[in-house]
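This is what each chain is made of:
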Amino acid sequence: MENNKLSRREFMALSGGTLVQIGLPGAFVKLSHAKNAELASELRPDGRLRIPPGQEAVESIQKMGGMSGPGLDPEWRLQIKGEVKKLTTFAWDDLMQFPQTDLLCDVHCVTGWTLLDSRWQGIRLRRIMDAVEVKEQAAFVIFEAHAGYTTSIPVSEARKDNVILAHTFSGKHLHKSHGAPLRGLVPDLYFYKSAKWIKGIKFSAKDELGYWESGGFSNTADPWKEDRYK
Ligand SMILES: Nc1nc2c(c(=O)[nH]1)N[C@H]1C(S)=C(S)[C@@H](COP(=O)(O)O)O[C@H]1N2
Ligand SMILES: [Mo]
């Protein structure tokens with residue numbers, strides 16, 4: 001394996017053996033070499049490579065595991081915490097009142113697979129931020145998921161058009177294994193920044209290292225800089 005990719009040994013060392021949670025590199029169906037080669041010369045509208053360095057396109061989304069939440073449960077709530085003027089707890093129906101956004105995007109897993117043209121629907125995080133009136137001093141958004149999984153992104157990333165709280169994938173409600181009822185979706189950072197089964201979103205002046213980030217993965221997680229490890 002190339003040394004800029006996650007080697008299995010390195011991963012085991014970082015994760016203490018919870019390999020199943022981030023997926024086994026190579027256990028998925030890649031697009032043909034010819035297709036990957038063709039895609040390698042494509043650029044996105046923003047000028048960046050369609051396939052970031054060290055990544056390979058795959059045919060479909062991979063189930064990467066993690067400690068699953070309850071799925072579509074009537075008791076489910078999304079709790080907004082921290083530096084906001086309106087501390088709010090959203091029930092499912094409250095979230096459905098927000099305008100719904102369709103998003104076609106590529107996602108990039110740190111283990112090396114890239115899924116192109118994935119189709120999602122959800123609520124722009126920025127709309128929620130506006131609704132709860134995020135305070136000036138908030139610099140980070142911390143996603144809190146089932147079983148203590150957390151991950152964070154800067155507020156500047158969170159305000160982008162392509163950052164959503166997703167409930168639908170490929171026209172169907174998210175499968176439980178992919179984060180139902182709701183997951184973060186931050187397509188331009190490695191996929192571990194897209195927390196499945198979210199229950200809370202905290203706005204904070206200070207960053208807090210997330211689950212993978214405190215295990216040695218990059219906190220900035222920029223796929224075009226191959227920013228995989230810290
Ligand atoms: N709650 C939670 N979210 C998570 C994870 C996890 O283990 N738990 N794994 C992350 C990682 S490493 C990846 S690659 C993606 C995988 O999402 P998928 O299973 O829908 O492909 O979810 C991310 N979000
Ligand atoms: Mo991942």
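As the structure is a computational prediction, the values presented were derived from the model and not from experiment.

1. As for the site of ligand 1
And then number 1: Near ligand 1 there are 22 residues, and of these Q62, M64, H178, R183 and K196 occur at the shortest range.
And then number 2: Between ligand 1 and S194, the relevant distance is 3.0 Å, taken from a nitrogen atom to a main-chain nitrogen or oxygen of the residue.
And then number 3: Protein chains bury 100% of the 530 Å² of accessible surface belonging to ligand 1 in isolation.
And then number 4: Of the residues assigned to the shell around ligand 1, the class counts are twelve nonpolar, seven polar and three charged.

2. Quick look at the nonpolar core
And then number 1: Judged by nonpolar contacts, the single largest core of 36 residues is most densely connected at L78, L125, F143 and I201.
And then number 2: Breaking this core down by element, the ones donating at least two residues are β2 (77–82), α4 (125–132), β6 (140–145), α5 (155–158) and β11 (198–204).
And then number 3: Per-element tally for this core: the top contributor is α4, with four residues.

3. Topic: the sheet that holds strand β7 (residues 150–154)
And then number 1: If you walk across this open sheet you meet the five strands as β3-β2-β11-β6-β7, and the pairing is mixed. Only two strands of the sheet have a single partner each, and these edge strands are β3 (89–91) and β7. Neighbour-to-neighbour, the strand axes of this sheet turn through a mean angle of 20 degrees, independent of strand direction.
And then number 2: Pairing of β6 with β11, which is carried by six bridges, proceeds in the antiparallel orientation. Looking at the pairing, F143 lines up with I201 of β11.

4. Here's the deal with the packing of aromatic side chains
And then number 1: Evaluation of the coordinates by the stated rule reveals ten aromatic pairs.
And then number 2: Between F217 and Y229, the ring centres sit 5.7 Å apart and the planes meet at 45 degrees, which makes this aromatic pair tilted. Note that F217 is positioned in the segment after β11 and Y229 in the segment after β11, a separation of twelve residues in sequence.
And then number 3: Judged by relative accessible area, F217 falls into the buried class, the value being 1%.
And then number 4: Among the aromatic residues, those joined into a cluster by ring pairs are Y149, Y190, Y192, Y211, W212, F217 and Y229.
And then number 5: Above the face of the W224 ring, R48 is positioned so that its terminal group lies 4.2 Å from the ring centre.

5. Observations regarding the environment of I198
And then number 1: Position of I198 among the secondary structure elements: in strand β11.
And then number 2: Distance from I198 to G184, taken between C-alpha atoms, is 7.1 Å for residues 14 residues apart in sequence.

6. Regarding the pattern of salt bridges
And then number 1: This structure, assessed with the given rule, holds 18 salt bridges.
And then number 2: Between E56 and K30 there is a salt bridge, and its shortest N-O distance comes to 3.2 Å. Highlighted residues: E56 in strand β1 (residues 56–57) and K30 in the loop between α1 (8–15) and α2 (33–40), separated in sequence by 26 residues.
And then number 3: Given the relative accessible area of 36%, K30 is considered partly exposed.
And then number 4: Here R44 makes a salt bridge to D46, at a shortest N to O gap of 2.6 Å.
And then number 5: For R44, a relative accessible area of 14% puts it in the buried group.
And then number 6: Overlapping salt bridges, with partners in common, bring together E42, R50, D106 and D117 in one network.

Conventions adopted
- Residues numbered from 1 in each chain as written.
- Chains lettered and ligands numbered in written order.
- Predicted model: local features only at pLDDT ≥ 70, side-chain atom pairs only at ≥ 80, totals over all residues.
- Heavy atoms only, no water.
- Near = heavy atom within 4 Å.
- Polar contact = N/O pair within 3.5 Å; in protein donor to acceptor, adjacent residues only side chain to side chain.
- Areas by Shrake-Rupley, 256 points an atom, 1.4 Å probe, with all protein chains shown as cover.
- Nonpolar A, V, L, I, M, F, W, Y, C, P; charged D, E, K, R; others polar.
- Core = buried A, V, L, I, M, F, W, Y, C linked by side-chain atoms within 4.5 Å.
- Buried < 20%, exposed > 50% of the residue type's maximum accessible area, 1.4 Å probe, protein only.
- Helix = DSSP H or I, 4+ residues; strand = E, 2+ residues; numbered from the N terminus.
- Pairing = 2+ DSSP bridges.
- Axes fitted to C-alpha atoms, helices over the stretch in contact; angles between N-to-C directions.
- Phe/Tyr/Trp six-rings, centres within 6.5 Å; stacked < 30°, edge-to-face > 60°.
- Lys NZ or Arg CZ within 6 Å of the ring centre and 35° of its normal.
- Salt bridge = Lys/Arg side-chain N within 4 Å of Asp/Glu carboxyl O.

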